[in-house]
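So you can see what is in the structure, the chains are spelled out below.
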Amino acid sequence: DEAFDLLTQASKLDSGNAAIPSGNALIHQGAMIAAFQGQRYEDAWDQAILAAQSGQDMSAYFKQIEAVSPRPDDFDARLAAPRVFVADLDMTRLITGDLSPSSFLDTSSVEINRAQQELPEVRRLYILALVESRHFAVVNQVALATHVLLVQADSFEDGEINGYFKLVHPTSSEEIYSRQMSLSDITTPSAIRSDVALHIKYLETWLEQQGQEQGDGGR
């Protein structure tokens, strides 16, 4: 149980680390083994699916778990979920000077530096929200992705970032989905979590609409 708790905590602390290509997949695989040995089969299934979504071949482990516990009802749907690579927050427009009068560069250097320090945390919270939604899979390599999530900052004032979050094709960069977004206070984790949760809800609604449209087309 302790090993399981530590491994799942590790996966949340370092989600989507592109510097370790198979890192999260191996962490989820280890958590799956710990859960299986502790006869926590629901957790074992969950971690095995997360490992598979991260690019690990889990077919042998699926058979092993299925021998003692039935597959979850959403097993096939989760394995077929869009695989998303979350890119770093894009602040290009702020830095290059395509700015409004009350802009990023008008704020103090202290606030700018503080905001930049929070960028990895913003990315991590998007990753965690996508994982917890169960509608998406998260990968830490673009090569494994079916979609890339881009968060584009267009303006920054009093800690608030406004811009767009988009899904694009990983190779062509063709825009698949786009919506205006706001991060109300980039220096406060609870505020970021609340905003990110809302953004992921928008993506879930969009994904459900895509499925409905495909189903209507099939009929």
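Rules and cut-offs
Counting of residues starts from 1 at the beginning of each chain's written sequence and follows it residue by residue. Local features are withheld for residues below a pLDDT of 70 in this predicted model, meaning they are given only at 70 or higher, and side-chain atom pairs are given and counted only at 80 or more; totals for whole chains, interfaces and linings count all residues. Here the side-chain values reflect all heavy atoms present in the structure, with hydrogen atoms and water set aside. Working definition of a nonpolar core: buried Ala, Val, Leu, Ile, Met, Phe, Trp, Tyr and Cys residues. They are joined through side-chain atoms within 4.5 Å. Each residue's exposure class comes from its accessible area (1.4 Å probe, protein chains only) as a fraction of the maximum for that residue type: buried when under 20%, exposed when over 50%, partly exposed otherwise. Strands here are runs of E lasting at least two residues and helices are runs of H or I lasting at least four, both read from the DSSP assignment and numbered beginning at the N terminus. Contacts are assigned to residue pairs with any non-hydrogen atoms lying within 4.5 Å of each other. Being paired, for any two strands, means DSSP has found at least two bridges between them.

**A closer look at the nonpolar core**
Item 1. If you look at the biggest cluster of nonpolar residues, it comprises 29 residues, and the most contacted ones within it are Tyr126, Leu130, Leu149, Ile161, Ile186 and Leu203.
Item 2. Broken down by secondary-structure element, the contributors of at least two residues to this core are β1 (83-86), α8 (119-133), β3 (147-157), β4 (160-168), β5 (175-183) and α9 (189-218).
Item 3. Looking at this core, the element that brings in the most residues is α8, giving seven residues.
Item 4. If near-sequence neighbours (up to four positions away) are discounted, Leu203 is found in contact with Leu130, Phe136, Leu149, Phe165, Leu167 and Tyr177.
Item 5. Phe4, Ala31, Ile49 and Ala51 belong to the second largest nonpolar core, which has 16 residues in total.

**What to know about the pairing of β5**
Item 1. Across eight bridges, β4 lies against β5 in antiparallel orientation. For Phe165, the partnering residue across the bridge sits in β5 and is Arg179.
Item 2. Here β4 folds back onto β5, and the loop between the two strands holds six residues, one of which, Ser173, carries a positive phi near 65 degrees.

**Quick look at the side chain of His199**
Item 1. Relative to the helices and strands, His199 is located in helix α9.
Item 2. Since its relative accessible area comes to 3%, His199 is described here as buried.
Item 3. Contacts of His199, omitting those with residues within four sequence positions, involve Tyr126, Phe165, Met181, Ser182 and Leu183.

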